[in-house]
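Letter by letter, the chains look like this.
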Amino acid sequence: MASSTRVDLDGNPIKAMTICMIGAGGFIGSHLCEKLLSETSHKILAVDVYNDKIKHLLEPATMDWADRIQFHRINIKHDSRLEGLIKMADLTINLAAICTPADYNTRPLDTIYSNFIDALPVVKYCSENSKRLIHFSTCEVYGKTIGCFLPKDSPLRQDPSYYVLKEDESPCIFGPIDKQRWSYACAKQLIERLVYAEGAENGLEFTIVRPFNWIGPRMDFIPGIDGPSEGVPRVLACFSNNLLRREPLKLVDGGESQRTFIYIKDAIEAVLLMIENPGRANGHIFNVGNPNNEVTVRQLAEMMSKVYSKVSGESELESPTVDVSSKEFYGEGYDDSDKRIPDMTIINKQLGWDPKTSLWDLLESTLTYQHRTYAEAIKQAISKPVAS
Ligand code: NAD
Ligand code: UDP
């Protein structure tokens, strides 16, 4: 229930605002809508081409918050209604993007258009109408770490200054152009630079968010159930799909890459602080991740197998993982970020925010959701005779 006495980090009462949320029907958008509707008085103009993940918030119209969320089915590529919605809002949050690695090397043009060209009018309308913008970028703008270019046995590889990723210090290191994996990172970097330049030259009030592997319920899709059978989602959904089907989890190039995973609900707390504390968030780029939850992809697979066995009551497979080459799994032009540890100094100083949930706990709640949501549908899909 929204409380009327909520205050910001400086003790000032928070005024209700209207938020134009583009990409509100996606994974992060759905959690952000839930949070805003259940804990604040803000209104949401939710823009997306899909609304399946926020259906529970839109229906029935008798919900407490029904008058605080409006869904607009708009493709921002070509819809003149977008500027009107941005003008009506106090704040615009842009989440819309193609953001699954399997697309970066196989659909590089769509990836670049989605992450740069399609985001341009949003930045322009905010700047021209003096509206605040929170733009979602990615930790992938850091690319590879400096440390990965050192010899394998170099002691400097253990030195955090060679791998911890800092918003205001770390360089952006991408691979060559024929490694089209980097089309996404490069497009996101250029739109970050544009947003930043609009701030510097035209006074745009902006915040840039760099998510570090946010995971939780409703992320992506399960191939063949609520997405295409041949589709390749991000790692949480790939591994969930394997577990649900009792198949070994596929480790790309040995599963040696390292990631830090953060629970979506922790990350959404950080976004709410940005929304409600403009004086502290404007003009900043924020890493949002959990440096304490680092694992290799192989360790993630092993942990997910254990957790899934616990929540489903099914035994673990004798061989829970299988190795696969990146060329076989993603096709030509794939490359990878080796390690992603976010520096938390800026977000901690500006917003006093820290992540809370351990990797085991976040996997337990997420895989409980996956099992409840999909196990029965998978069973039915598997038992259906294949059409000849
Ligand atoms: P998502 O794919 O679940 O959500 C994106 C939403 O944008 C989708 O609902 C999609 O339909 C919508 N969209 C895309 N193009 C659109 C268009 N032309 N018009 C209208 N709607 C459109 O992805 P997500 O995980 O929620 O990510 C949201 C943002 O955060 C993206 O910008 C992504 O690059 C960034 N990000 C997320 C993560 C993460 O860990 N989840 C990591 C790095 C960056
Ligand atoms: N990965 C894997 N098996 C899968 C899916 C992904 O080994 O079935 C690896 C992928 O190569 C990458 C990591 O898992 O090293 C994380 O991939 P994700 O798609 O979640 O996105 P990223 O973190 O690379 O943006």
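What you see is a predicted model; the values in this text were computed from it and never measured.

Trainee: Looking at this structure, how should I read the sheet that holds strand E3 (residues 69–73)?
Mentor: In space, the seven strands of this open sheet follow the order E3-E2-E1-E4-E5-E7-E12, with parallel pairing throughout. The open sheet terminates on both sides in strands that have one partner only, identified here as E3 and strand E12 (284–288). Taking the axes of each pair of neighbouring strands and ignoring which way they run, one obtains an average angle of 15° across the sheet. Across four bridges, strand E4 (residues 91–94) lies against strand E5 (residues 132–136) in parallel orientation.

Trainee: Teacher, can you tell me more about the packing of helix H5 (residues 108–117) against helix H7 (residues 182–202) here?
Mentor: Angle between the axes and distance between the axes: these two values describe a pair of packed helices. Where H5 contacts H7, the two axes come as close as 8 Å, and the packing angle between them is 20°. In this view, H5 runs roughly parallel relative to H7, as classed from their interaxial angle. Crossing hand, H5 versus H7: right-handed. Taken together, the residues of H7 that come into contact with H5 (itself represented by Pro-108, Thr-111, Ile-112, Asn-115 and Phe-116) are Ser-183, Tyr-184, Ala-187, Lys-188, Leu-190 and Ile-191. Class assignment for the residues of the contact of H5 with H7 results in seven nonpolar, three polar and one charged.

Trainee: Would you explain the nonpolar core in this entry?
Mentor: In a soluble, globular protein the nonpolar side chains are often hidden away together inside. The biggest cluster of nonpolar side chains holds 66 residues, and the ones touching the most others in it are Ile-93, Trp-214, Met-274, Ile-275 and Val-288. Residue contributions to this core peak at eight residues, all from helix H9 (residues 264–276). Within the second largest apolar cluster, 24 residues are counted, among which are Leu-45, Val-47, Ala-119 and Val-195.

Trainee: Please clarify how the site of ligand 2 should be interpreted in this entry.
Mentor: Around ligand 2 there are 19 residues in total, and Lys-250, Arg-259, Tyr-334, Asp-336 and Arg-340 lie nearest to it. Note that an oxygen atom of ligand 2 is positioned 2.7 Å from one of the side-chain N or O atoms of Arg-259. Protein contact buries 95% of the 520 Å² of open area that ligand 2 shows by itself. Residue assignment for the shell around ligand 2 shows that the elements contributing at least two residues are helix H8 (235–244), strand E9 (249–252) and helix H12 (326–330). By residue class, the composition of the shell around ligand 2 is 10 nonpolar, two polar and seven charged.

Trainee: Just to check I follow, could you spell out the UniProt feature "domain: NAD-dependent epimerase/dehydratase" (unreviewed entry) in the protein chain for this structure?
Mentor: UniProt annotation of "domain: NAD-dependent epimerase/dehydratase" (unreviewed entry) refers to residues 19–289 when read in the numbering used here. Taken end to end, residues 19–289 has its terminal C-alpha atoms 24 Å apart, with 36% of it in helix and 18% in strand.

Trainee: Mind showing me how you'd approach helix H11 (residues 297–312) here?
Mentor: Within an α-helix, residues lying three or four positions from one another point in the same direction, as the helix has 3.6 residues per turn. In this model, H11 (16 residues) spans 22 Å end to end at C-alpha, consistent with the 22 Å of a helix rising 1.5 Å per residue. Regarding H11, the residues found buried are Val-297, Leu-300, Ala-301, Met-304, Ser-305, Val-307, Tyr-308 and Ser-312. Where H11 is buried, its residues contact H8, E9, strand E13 (294–296), strand E14 (321–324) and helix H14 (359–383). Positive phi shows up at Gly-313, right after H11, with a value of about 80°.

Trainee: Please clarify how the packing of aromatic side chains should be interpreted in this entry.
Mentor: Each aromatic ring pair is specified by the distance between its two centres and by the angle formed by the two planes. Applying the stated rule across the entire model yields seven aromatic pairs. With a centroid separation of 4.8 Å and 85° between ring planes, the pair formed by Phe-329 and Tyr-330 is classed as edge-to-face. Taking the relative accessible area as the measure of exposure, Tyr-330 reaches 14% and is therefore buried. Members of the aromatic cluster, each reached through a chain of ring pairs, are Phe-329, Tyr-330 and Tyr-334. Residue placement shows Arg-210 over the ring face of Tyr-142; its charged tip is 4.8 Å from the ring centre.

Trainee: What should I look at first to understand the pairing of strand E7 (residues 206–211) in this one?
Mentor: A regular strand places its side chains so that they alternate between the two faces of the sheet. Burial runs high along E7: six of the six residues are buried. Pairing geometry for E5 and E7, over four bridges, is parallel. Bridged to Ile-134 within E7 is Thr-207. Both E7 and E12 contribute to a ladder of five bridges, which runs parallel. Residue pairing across strands places Arg-210 opposite Asn-287, the latter belonging to E12.

Trainee: Help me out: how do you make sense of the site of ligand 1 in this one?
Mentor: Every one of the 25 residues lining ligand 1 counts as a neighbour, but Phe-27, Asp-48, Asn-75, Tyr-184 and Trp-214 are closest to it. A distance of 3.0 Å is found between a nitrogen atom of ligand 1 and a backbone nitrogen or oxygen belonging to Ile-76. A distance of 3.1 Å separates an oxygen atom of ligand 1 from a polar atom in the backbone of Leu-95. For ligand 1, the protein covers 89% of the area, taking 820 Å² as the surface of the free molecule. Listing elements by their share of the shell around ligand 1, those giving two or more residues are helix H1 (27–39) and H7. Classifying every residue of the shell around ligand 1 by side-chain character gives 15 nonpolar, seven polar and three charged.

Trainee: In this structure, what is going on with the side chain of Asn-290? I would like to understand it.
Mentor: Residue position: Asn-290 is located in the loop between E12 and E13. Within the structure, the side chain of Asn-290 is placed 3.3 Å from the backbone oxygen of Thr-357, a separation counted as a polar contact. Beyond its immediate chain neighbours, meaning those up to four positions away, Asn-290 contacts Thr-260, Phe-261, Ile-262, Pro-342, Pro-355 and Thr-357.

Trainee: I tried to follow H1 on my own but got confused; where do I start?
Mentor: If you check H1, its first and last C-alpha atoms are 19 Å apart, about what 13 residues at 1.5 Å a residue would give, namely 18 Å. With 10 of 13 residues buried, H1 is to be regarded as a mostly interior element. Where H1 is concerned, the buried positions are Phe-27, Ile-28, Gly-29, Ser-30, His-31, Leu-32, Cys-33, Lys-35, Leu-36 and Leu-37.

Trainee: Looking at this model, I keep getting lost on the pattern of salt bridges. Mind explaining?
Mentor: Once their charged atoms are close, side chains differing in charge can pair, the charge on each being opposite to the other. Across all of its chains, the model carries 21 salt bridges by this definition. Linking Asp-335 and Lys-144 is a salt bridge whose minimum nitrogen-to-oxygen distance equals 3.2 Å. Of this pair, Asp-335 sits in the loop between H12 and strand E15 (341–342) while Lys-144 sits in the loop between E5 and strand E6 (164–165), and the two are 191 residues apart along the sequence. Of the two residues, Asp-335 and Lys-144, neither departs from the other in class, the shared state being buried. In this structure, Lys-339 engages Glu-294 in a salt bridge whose closest nitrogen and oxygen atoms are separated by 3.0 Å.

Parameters and conventions
- Residues numbered from 1 in each chain as written.
- Chains lettered and ligands numbered in written order.
- Predicted model: local features only at pLDDT ≥ 70, side-chain atom pairs only at ≥ 80, totals over all residues.
- Heavy atoms only, no water.
- Pairing = 2+ DSSP bridges.
- Helix = DSSP H or I, 4+ residues; strand = E, 2+ residues; numbered from the N terminus.
- Axes fitted to C-alpha atoms, helices over the stretch in contact; angles between N-to-C directions.
- Parallel < 35°, antiparallel > 145°, perpendicular 65-115°, else oblique.
- Left-handed = near helix turned anticlockwise from the far one by under 90°.
- Contact = heavy atoms within 4.5 Å.
- Nonpolar A, V, L, I, M, F, W, Y, C, P; charged D, E, K, R; others polar.
- Core = buried A, V, L, I, M, F, W, Y, C linked by side-chain atoms within 4.5 Å.
- Buried < 20%, exposed > 50% of the residue type's maximum accessible area, 1.4 Å probe, protein only.
- Near = heavy atom within 4 Å.
- Polar contact = N/O pair within 3.5 Å; in protein donor to acceptor, adjacent residues only side chain to side chain.
- Areas by Shrake-Rupley, 256 points an atom, 1.4 Å probe, with all protein chains shown as cover.
- UniProt positions renumbered as here; feature names shortened; annotations may be inferred.
- Expected span 1.5 Å × (residues − 1).
- Phe/Tyr/Trp six-rings, centres within 6.5 Å; stacked < 30°, edge-to-face > 60°.
- Lys NZ or Arg CZ within 6 Å of the ring centre and 35° of its normal.
- Salt bridge = Lys/Arg side-chain N within 4 Å of Asp/Glu carboxyl O.

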